[in-house]
Amino acid sequence: MKQFIYFIKKEFIHIFRDTKSLIILFALPIIQIILFGFALTNEIKNVNFAVYDNSKSDTSLRLINKIDATDYFTLHKYLNNPDDIEAILQSNKVKFVLVIDEDFSRLYPHEKQGDIQLLLDASDPNIATNIRGYLQNIITTFSEEEFPLSEQLHLATTKMYYNPELKSVYLFIPGLMAFILTLISAFMTSITLTKEKELGNMEILLISPLKPYQIIIGKVIPYALLSMINIANILLLGTFVFGMPLQGSLLLLLLESILFLLNSLSLGILISSFTSSRQVAMMVALAGLLLPTMLLSGFMFPINNMPLPLQYFSKIVPATHYIIILKGIMIKGVGLQYLYKETLILALLTIFFIIISIKKFNVRLDK
Amino acid sequence: MRILFILIIKELKQIFRNKGMLPIIFVMPILQLLILANAANYEIKNVNIAILDLGKNDFIPEISAQLNANNYFTLKGVKYDKASAISLLDRGEVDAIIAFQHNFSAQRMPTTPQVQLIINTIDGASSGIVLSYISGFIEQYFAQNSAMKPLINLEYTNKFNSKLDYKTVMVPGILVILVSLIGVFLTAMNIAREKEIGTIDQLNVSPITKLQFIGGKLFPMLIIGLGELFFGIILGRVLYGIPFAGNPLTVITFAIVFLFVMLSFGLLISTKADSQQQAMLIAYVFLVVFIMFSGLFTSIESMPIWANRISQAIPITHFITVMRSVMLKATPLHLLYRELLILLGTGGLLFTVATLSYKKSE
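Residues numbered from 1 in each chain as written. Chains lettered and ligands numbered in written order. Predicted model: local features only at pLDDT ≥ 70, side-chain atom pairs only at ≥ 80, totals over all residues. Heavy atoms only, no water.

Q: Quick question: what am I supposed to make of the nonpolar core here?
A: Soluble globular proteins tend to pack their nonpolar side chains together in the buried interior. In this structure, Phe-187 of chain A together with Ile-316 of chain B are the most contacted members of the largest nonpolar core, which totals 177 residues. Sorting elements by how many residues they give to this core places helix α6 (residues 166–197) of chain B first, with 19 residues. The residues contacting Phe-187 of chain A, other than those within four sequence positions of it, are Thr-182, Met-282, Ala-285, Leu-286 and Leu-290 of chain A together with Met-280 and Leu-281 of chain B. If you look at the next biggest cluster of nonpolar residues, it comprises 26 residues, including Ile-64, Ile-127 and Ile-139 of chain A together with Leu-164 of chain B. (Core = buried A, V, L, I, M, F, W, Y, C linked by side-chain atoms within 4.5 Å. Buried < 20%, exposed > 50% of the residue type's maximum accessible area, 1.4 Å probe, protein only. Helix = DSSP H or I, 4+ residues; strand = E, 2+ residues; numbered from the N terminus. Contact = heavy atoms within 4.5 Å.)

Now the structure itself:
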């Protein structure tokens with residue numbers, strides 16, 4: 001036991017000696033969360049547009065001013081020539097061009113409908129769809145104000161549940177926790193174990209009185225502690241800087257996080273057991289763990305939209321389940337009775353990874 | 001010149017000899033392109049919705065049928081009291097509820113809202129689009145089936161990507177990311193590895209000059225990067241029918257300049273890092289920030305001004321803009337000179353700093 005404690009001490013000395021990496025490991029989550037939280041939104045804001053106004057009437061001017069006055073849209077330019085439309089869209093200066101019909105002002109009294117043509121840069125489909133939705137709303141409100149007596153459809157008041165301000169940070173923080181835990185636990189563990197192999201130190205460790213499992217646990221514990229500190233950091237930042245709610249139980253959240261942590265650590269051990277150079281371990285961890293955690297876990301992209309094979313694959317990405325658990329506890333405030341399925345899957349995956357890595361771990365290095 | 005040539009051959013030999021890395025250089029990008037192109041998809045499909053009818057309306061069966069016929073929605077049920085509809089939302093069975101507040105056949109409609117949409121917005125990203133789709137659907141339904149036509153008719157044309165295909169916009173961006181990943185990681189780790197195993201000392205005492213050394217490291221990566229980019233473009237075209245509307249020469253010009261920027265950046269990292277692990281972590285930190293701010297996943301316009309500035313300083317941002325513009329919009333080179341100047345400037349700066357920080361004698 002005493003040897004084991006010395007071994008862990010040695011590991012800590014190794015970690016603390018590499019100050020550059022240590023700083024990165026602590027700063028990375030904080031930087032990421034601040035960047036994600038403040039900078040990344042999927043809302044539409046300050047989208048530039050151009051107008052080609054054929055009617056040049058008061059009504060059209062009022063409408064343009066109304067659109068320009070919103071936070072969503074900013075008038076970039078009046079076009080005088082229809083030939084400029086294509087070029088201004090090509091040059092990325094505006095996202096859409098409104099072409100207002102000559103008859104637009106003859107809207108009064110409503111004999112005919114006023115026509116507006118919207119030319120959207122649909123190269124990003126979602127922005128295009130969003131722009132159209134917002135614009136439609138503005139125009140509907142406009143026509144209600146201009147013609148208050150007419151009978152129109154009032155399609156209004158949308159209620160946003162769970163996340164009324166559409167804050168992306170609510171989505172990012174659970175994802176980020178999963179991501180950071182995977183990065184530090186799985187990624188760093190796999191590298192540190194492979195390093196011993198590559199440098200030939202593993203032989204020395206294996207002939208030492210330490211048992212193989214002690215070596216692995218000793219290697220893993222420092223990173224587990226680092227990850228726990230990082231979780232605390234993310235939670236504190238999320239709650240106090242971004243007002244992330246914590247509706248459910250903190251204890252449950254921490255227990256689930258420890259479960260996920262074990263899972264990531266066992267994945268790290270697994271990777272190290274079949275790679276022999278750090279370069280390969282890093283690349284495998286990057287491609288096999290970090291990218292799926294980021295892309296296929298529902299962190300960045302909705303799983304429902306993926307083709308079926310990827311949807312099935314996302315089910316074996318541990319982060320998928322962890323993120324569902326986190327969102328459930330933090331945003332919806334539900335307890336274990338709603339989350340037992342995900343917890344069970346996570347636990348089974350962990351046991352599975354541990355069993356394989358025990359089987360794969362060779363006490364002898366040369367086969 | 002001969003020395004440079006020999007160095008390039010040596011580098012290529014080393015790259016192709018390393019059997020562990022080869023699949024990572026050549027197979028991983030393809031896999032990533034396949035996975036990312038399919039996963040990076042905010043397209044709204046099969047949104048589960050419920051109808052809540054508080055006014056005993058007779059058009060419910062009809063609107064239900066139309067909802068189900070629509071590719072975007074799957075109707076999960078019709079409820080007649082608010083509590084049971086909300087519980088569907090709570091249990092995650094539906095993502096949105098369309099609530100009809102009144103009886104629509106009544107003589108005089110109240111001016112309060114007649115239709116209410118209740119939307120689960122945990123996934124802030126997609127809920128805005130769900131909202132757009134549902135309100136578009138309802139407006140269209142009532143425009144066709146009742147006297148309540150909108151007074152101002154908004155006709156729209158989706159230019160450059162008329163089918164609103166998400167892959168069309170993602171693939172050019174993903175290619176940029178893949179090329180950057182390979183370029184920065186490989187360069188940074190390559191030189192850090194020479195440091196770690198000590199071969200850099202041998203190179204340092206040899207008669208080759210600093211520029212030859214750097215050139216010998218960068219050229220092979222440039223070739224690999226360009227090769228992967230064009231292979232990716234072809235793959236995207238064959239698999240997903242991604243158009244290539246513009247001039248390939250524009251893309252080649254930009255690709256060379258862009259790779260020059262990213263490789264210089266990798267070089268700079270490698271001069272600062274002591275080990276491969278450090279190089280990897282440093283490269284990783286920067287690339288994550290670069291990718292997040294590049295406008296690939298979220299729009300740059302919506303960012304706060306300071307974040308917008310950061311994203312303008314990131315080379316990936318400009319190359320993604322260029323790739324999208326040239327491939328989808330056929331934007332000619334003269335409309336992109338600003339991006340070209342920025343990339344050239346960044347590249348020159350990074351290359352100078354990297355060359356200065358690499359010292360032959362330490």
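That covers the picture; the talk isn't over yet.
Q: Whenever I open this one, unusual backbone geometry confuses me. Can you help?
A: Negative phi is the rule for most residues except glycine; trans is the rule for most peptide bonds. Residue and element names in this part refer to chain A. Residue Lys-56 is not a glycine yet carries a positive backbone phi of 45 degrees. Secondary-structure assignment places Lys-56 in the loop between β1 (47–53) and α3 (58–69). In this structure Lys-56 comes out as exposed when scored by relative accessible area, which is 68%. A positive phi is found at Asn-92, a non-glycine position, where the angle reads about 65 degrees. With respect to the helices and strands, Asn-92 occurs in the loop between α4 (84–90) and β3 (96–100). Of the residues examined, Asn-92 reaches a relative accessible area of 28% and is grouped as partly exposed.

Q: Quick question: what am I supposed to make of the packing of helix α12 (residues 315–329) of chain B against helix α13 (residues 337–357) of chain B here?
A: In helix packing, the relevant descriptors are the interaxial angle and the interaxial distance, both defined with respect to the helix axes. Residues and elements named next belong to chain B. Where α12 contacts α13, the axes come no closer than 10 Å and their chain directions differ by 150 degrees. It follows that α12 is roughly antiparallel to α13 by the angle criterion. Of the two elements, α12 crosses α13, and the hand of that crossing is left-handed. Here Pro-315, His-318, Thr-321 and Val-322 of α12 come into contact with α13, specifically with Glu-339, Ile-342 and Leu-343. Looking at the contact of α12 with α13 residue by residue, the classes come out as 4 nonpolar, 2 polar and 1 charged. (Axes fitted to C-alpha atoms, helices over the stretch in contact; angles between N-to-C directions. Parallel < 35°, antiparallel > 145°, perpendicular 65-115°, else oblique. Left-handed = near helix turned anticlockwise from the far one by under 90°. Nonpolar A, V, L, I, M, F, W, Y, C, P; charged D, E, K, R; others polar.)

Q: So what exactly am I meant to see when it comes to the domain arrangement of chain B here?
A: By domain assignment, chain B separates into domain 1 (2–40 + 162–357) and domain 2 (47–145). For domain 1 of chain B versus domain 2 of chain B, the distance between C-alpha centres works out to 46 Å. (Domains from an automatic or database assignment.)

Q: Help me out: how do you make sense of the packing of helix α2 (residues 22–39) of chain B against α6 of chain B in this one?
A: Residue and element names in this part refer to chain B. Packing of α2 against α6 leaves a shortest axis separation of 10 Å and a crossing angle of 150 degrees. When the axis of α2 is compared with that of α6, the two are roughly antiparallel. In this structure, the crossing between α2 and α6 has a hand that is right-handed. Where α2 approaches α6, its residues Ile-24, Ile-25, Pro-29, Gln-32, Leu-33, Leu-36, Ala-37 and Asn-38 are matched on the opposing element by Lys-167, Val-171, Ile-174, Leu-175, Leu-178, Leu-181, Ile-182 and Leu-186. The residue makeup of the contact of α2 with α6, split by class, is 13 nonpolar, 2 polar and 1 charged.

Q: It is not clear to me how a nonpolar patch on the surface should be interpreted in this structure. Could you clarify?
A: A cluster of nonpolar residues, Ile-30, Ile-34, Phe-38, Leu-236, Phe-240 and Val-241 of chain A together with Trp-306 and Ile-310 of chain B, forms a patch on the protein surface that exposes about 730 Å² of accessible area. Elements with a contribution of two residues or more to the nonpolar patch: α2 (19–39) and α8 (212–240) of chain A together with α11 (305–312) of chain B. Looking at the nonpolar patch element by element, the count peaks at 3 residues for α2 of chain A. Within the element layout of this structure, Val-241 of chain A appears in the loop between α8 and α9 (250–273). Note on Val-241 of chain A: relative accessible area 42%, which makes it partly exposed. (Patch = residues over 30% accessible without salt bridge, like charges linked within 9 Å, V, L, I, M, F, W, Y side chains within 5 Å. Areas by Shrake-Rupley, 256 points an atom, 1.4 Å probe, with all protein chains shown as cover. Salt bridge = Lys/Arg side-chain N within 4 Å of Asp/Glu carboxyl O.)

Q: Explain the pairing of strand β3 (residues 96–100) of chain B to me, please; I cannot follow it from the model alone.
A: Side-chain direction in a regular strand flips from residue to residue, so the side chains alternate between the two faces of the sheet. Residues and elements named next belong to chain B. Counted residue by residue, β3 has 5 buried out of 5 residues, so it is predominantly covered. Note that strand β1 (residues 47–53) and β3 share 5 bridges and pair parallel. Residue pairing for β3: Asp-53 is matched across the bridge by Phe-100. The pairing of β3 with strand β4 (residues 115–120) spans 5 bridges and is classified as antiparallel. By the bridge assignment for β4, Ile-98 is matched with Leu-117. (Pairing = 2+ DSSP bridges.)

Q: Can you walk me through the side chain of Glu-228 of chain B in this structure?
A: Within the element layout of this structure, Glu-228 of chain B appears in helix α8 (residues 210–240). Excluding its chain neighbours within four sequence positions, the residues that come into contact with Glu-228 of chain B are Ile-25, Phe-26, Pro-29 and Ile-182 of chain B.

Q: Where do I start with the environment of Ile-85 of chain A in this structure?
A: Residue and element names in this part refer to chain A. Inspection of the secondary structure puts Ile-85 in helix α4. Under the relative-accessibility criterion, Ile-85 is labelled buried at 9%. Separated by 35 residues in sequence, Ile-85 and Ala-50 place their C-alpha atoms 8.3 Å apart. With sequence-adjacent residues up to four places away left out, Ile-85 is seen in contact with Leu-79, Val-97, Val-99 and Leu-119.

Q: Help me understand α8 of chain A in this model?
A: Helical periodicity: at 3.6 residues per turn, an α-helix aligns residues three or four positions apart in one direction. Here α8 of chain A is 29 residues long and its end C-alpha atoms lie 43 Å apart, about the 42 Å a rise of 1.5 Å per residue gives. Within α8 of chain A, the axis deviates most sharply at Ile-221 of chain A, by approximately 25 degrees, and proline Pro-222 of chain A lies no more than four positions further along. (Expected span 1.5 Å × (residues − 1). Bend = angle between axes of the 7 residues up to and from the residue.)

Q: Could you clarify how one ought to interpret the pattern of salt bridges in this entry?
A: A side chain of one charge can pair with a side chain of the opposite charge if their charged atoms are brought near each other. Overall, the coordinates contain 10 salt bridges over all chains when judged by the stated rule. Between Lys-10 of chain A and Glu-196 of chain A there is a salt bridge, with its nearest N and O atoms 3.6 Å apart. Of this pair, Lys-10 of chain A sits in helix α1 (residues 2–17) while Glu-196 of chain A sits in helix α6 (residues 168–199), and the two are 186 residues apart along the sequence. Since its relative accessible area comes to 6%, Glu-196 of chain A is described here as buried. Note that Asp-121 of chain A and Lys-329 of chain B form a salt bridge whose closest N and O atoms lie 2.7 Å from each other.

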